[in-house]
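Residue-level listing of the chains:
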Amino acid sequence: MSVVRGKIIFCEGKQTSLDFRLLNRVVENVLTNKPTIVPSGSKFTFSVFVQGYFSKEGATNQQYIIFRDRDFDAKPTCNTALIPLNSMMLTHRACIENYLLNADLIHNYWHTKYIEKRDNPTSKWGHGDSPGLEGISAWMEEAAISLQDYQTVRWALADLLQSSTTRHQLKTTWTGGSGKLPSSLALQDCQRQAVELINRFQKAVGTVTPDRFEQSLAVYQQQFCQEEFWTQKQYLIWFHGKDIQKAMQRQKSQYIALDKFFDWALNQIDVNQYPDLIELQDRISSLQ
């Protein structure tokens, strides 16, 4: 059995995912003892994957970082920092795409491809020159405006999910797990404990109500209507990047394909522009 040594960073997806490739950019400036980046599939199976990985590789007292998209699992903080959630570190922006949706980057990519086409007639580029920074910024903002109501609803639903009580699950035992027997195995005592479990479960799920949803919806409606939300482009932090990407392609289907742009942008992005990514780099460096 091989033994895991060195720093381990777990991320979502596969080796072709944006998460894995962005992490490779983040660790470029880690000069000594570079980490191993391990794509781990879905965020919902992280804990199982990590336990299985270290068990298989024979690791003991291994230090590692789990890094993933924030999505709607936590609100962005006022300071641009990583967001801890259980044993994981979440992005400040909603997802990796949010870091790449940058008007300057899109313009540079578009103009670069246009110049390549001009200098090489065999190039298959068919989008002409960039509409310019103002045109691209307007494209992004128009897409975000079209998403405003949808993102409001998504965040209102997230508020219900983020309540610890709504994550309560009905279990098949009250002892902590199989192999831990209750003090009494009599049917009457077991039945009483089961009824208590059911009552707690019903109370927990009872907090998910249309009224609570409407209350949260009103809060986000007000927040996303604030002038500074748009002038400061806060939608690039709050609105999910995958949704913005899809809305942009829907609004201007004749424009460039953003998936191909992302491939290019990952090699161009300056991770030092983002304090949370700098923090991630420092955390990786400090691992023993």
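Residues numbered from 1 in each chain as written. Predicted model: local features only at pLDDT ≥ 70, side-chain atom pairs only at ≥ 80, totals over all residues. Heavy atoms only, no water.

Enquirer: I'd like a description of the overall build of the protein chain, backed by residues and values.
Expert: Helices and strands together make up the secondary structure of the protein chain, namely 12 helices and five strands. Taking the principal axes of its C-alpha atoms as reference, the protein chain extends roughly 85 × 55 × 35 Å. Every one of the 288 residues in the protein chain was classed for burial, and the buried ones make up 42%. In the protein chain, the share of contacts with a sequence separation of at least 24, taken over all contacts with a separation of at least 6, comes to 72%. Put simply, the protein chain shows about 16,300 Å² of open surface, and 51% of that area lies on carbon and sulfur atoms. (Helix = DSSP H or I, 4+ residues; strand = E, 2+ residues; numbered from the N terminus. Buried < 20%, exposed > 50% of the residue type's maximum accessible area, 1.4 Å probe, protein only. Contact = heavy atoms within 4.5 Å. Areas by Shrake-Rupley, 256 points an atom, 1.4 Å probe, with all protein chains shown as cover.)

Enquirer: With reference to specific residues and values, describe the packing of helix α1 (residues 18-26) against helix α12 (residues 275-286).
Expert: Close contact between α1 and α12 brings their axes to 10 Å; oriented N to C, the two are set at 70°. It follows that α1 is roughly perpendicular to α12 by the angle criterion. Of the residues in α12, those touching α1 at Leu-22, Leu-23 and Val-26 are Leu-277, Leu-280, Gln-281 and Ile-284. (Axes fitted to C-alpha atoms, helices over the stretch in contact; angles between N-to-C directions. Parallel < 35°, antiparallel > 145°, perpendicular 65-115°, else oblique.)

Enquirer: Requested: an account of the pairing of strand β3 (residues 64-68), with residues and values cited.
Expert: Most of β3 is tucked away: four of the five residues are buried. Note: strand β1 (residues 8-11) against β3, three bridges, orientation parallel. Note on β3: the bridge partner recorded for Ile-8 is Tyr-64. Looking at chain direction, β3 and strand β5 (residues 88-90) are connected through three bridges and run parallel. Bridge pairing links Arg-68 to Leu-90 in β5. (Pairing = 2+ DSSP bridges.)

Enquirer: Requested: an account of the environment of Ala-143, with residues and values cited.
Expert: Here Ala-143 lies in helix α5 (residues 133-162). Relative accessible area serves as the criterion here: at 0%, Ala-143 is assigned to the buried category. When the C-alpha atoms of Ala-143 and Asp-243 are compared, they prove to be 9.0 Å apart, with 100 residues separating the residues in sequence. Among residues more than four places away in sequence, those in contact with Ala-143 are Ile-244, Ala-247, Met-248 and Gln-251.

Enquirer: Any details on the sheet that holds β1? Residues and values, ideally.
Expert: Two pairing modes exist for strands in a sheet, parallel and antiparallel, and in both the strands are linked by backbone hydrogen bonds. The five strands lie next to each other as β2-β1-β3-β5-β4, forming an open sheet whose pairing is mixed. Unpaired on one side and paired on the other, β2 (36-39) and β4 (83-85) mark the two borders of the sheet. Pairs of neighbouring strands in the sheet enclose a mean axial angle of 30°, with direction left out of account. Set on the sheet, α12 makes contact with β1, β3 and β5; between it and β3 the angle comes to about 160°.

Enquirer: Can you break down the environment of Gln-215 residue by residue, with the values?
Expert: Note that Gln-215 resides in helix α7 (residues 210-223). Using a relative accessible area of 55% as the deciding quantity, one classes Gln-215 as exposed. Along the backbone, Gln-215 and Asp-159 are 56 residues apart, and their C-alpha atoms lie at a distance of 10.0 Å.

Enquirer: Outline the packing of aromatic side chains, listing residues and values.
Expert: Each aromatic ring pair is described using two quantities: the centre-to-centre distance and the angle formed by the ring planes. A full pass over the atoms with the stated rule returns 22 aromatic pairs. With a centroid separation of 5.3 Å and an interplanar angle of 55°, the aromatic rings of Tyr-109 and Trp-264 are classed as tilted. Of the two residues, Tyr-109 sits in helix α4 (residues 103-119) while Trp-264 sits in helix α11 (residues 258-265), which places them 155 residues apart along the sequence. Cluster of aromatic residues (ring-pair linked, three or more members): Phe-72, Trp-155, Tyr-220, Phe-224, Phe-229, Trp-230, Tyr-235, Trp-238 and Phe-239. Above the ring of Tyr-99, the side-chain terminus of Arg-93 is found at 5.8 Å from the ring centroid. (Phe/Tyr/Trp six-rings, centres within 6.5 Å; stacked < 30°, edge-to-face > 60°. Lys NZ or Arg CZ within 6 Å of the ring centre and 35° of its normal.)

Enquirer: Mind laying out the nonpolar core, listing which residues take part and the relevant values?
Expert: Core analysis: the biggest nonpolar cluster contains 58 residues, and Ile-106, Phe-239, Met-248, Ile-256, Leu-258 and Phe-261 have the highest contact counts within it. For this core, the element with the most residues is α5, which contributes eight residues. Setting aside its immediate chain neighbours within four residues, Phe-239 contacts Ala-94, Asn-98, Ala-144, Leu-147, Gln-148, Gln-151, Phe-224, Phe-229, Trp-230 and Ile-244. With 11 residues, the next largest nonpolar core counts Ile-8, Phe-54, Ile-66 and Met-88 among its residues. (Core = buried A, V, L, I, M, F, W, Y, C linked by side-chain atoms within 4.5 Å.)

Enquirer: Lay out the pattern of salt bridges in plain terms, naming residues and giving numbers.
Expert: This structure, assessed with the given rule, holds 11 salt bridges. Put simply, Arg-25 and Glu-28 hold a salt bridge, and the shortest N to O gap is 3.0 Å. Residue Glu-28 is classed as partly exposed on the basis of its relative accessible area, which comes to 43%. The salt bridge partner of Asp-243 is Arg-154, with a shortest N-O separation of 2.8 Å. Note that Asp-243 is positioned in helix α10 (residues 241-251) and Arg-154 in helix α5, a separation of 89 residues in sequence. The class of Asp-243 is buried, set by a relative accessible area of 16%. Arg-154 gets classed as partly exposed once you look at its relative accessible area, which sits at 28%. Overlapping salt bridges, with partners in common, bring together Asp-69, Glu-97 and Lys-242 in one network. (Salt bridge = Lys/Arg side-chain N within 4 Å of Asp/Glu carboxyl O.)

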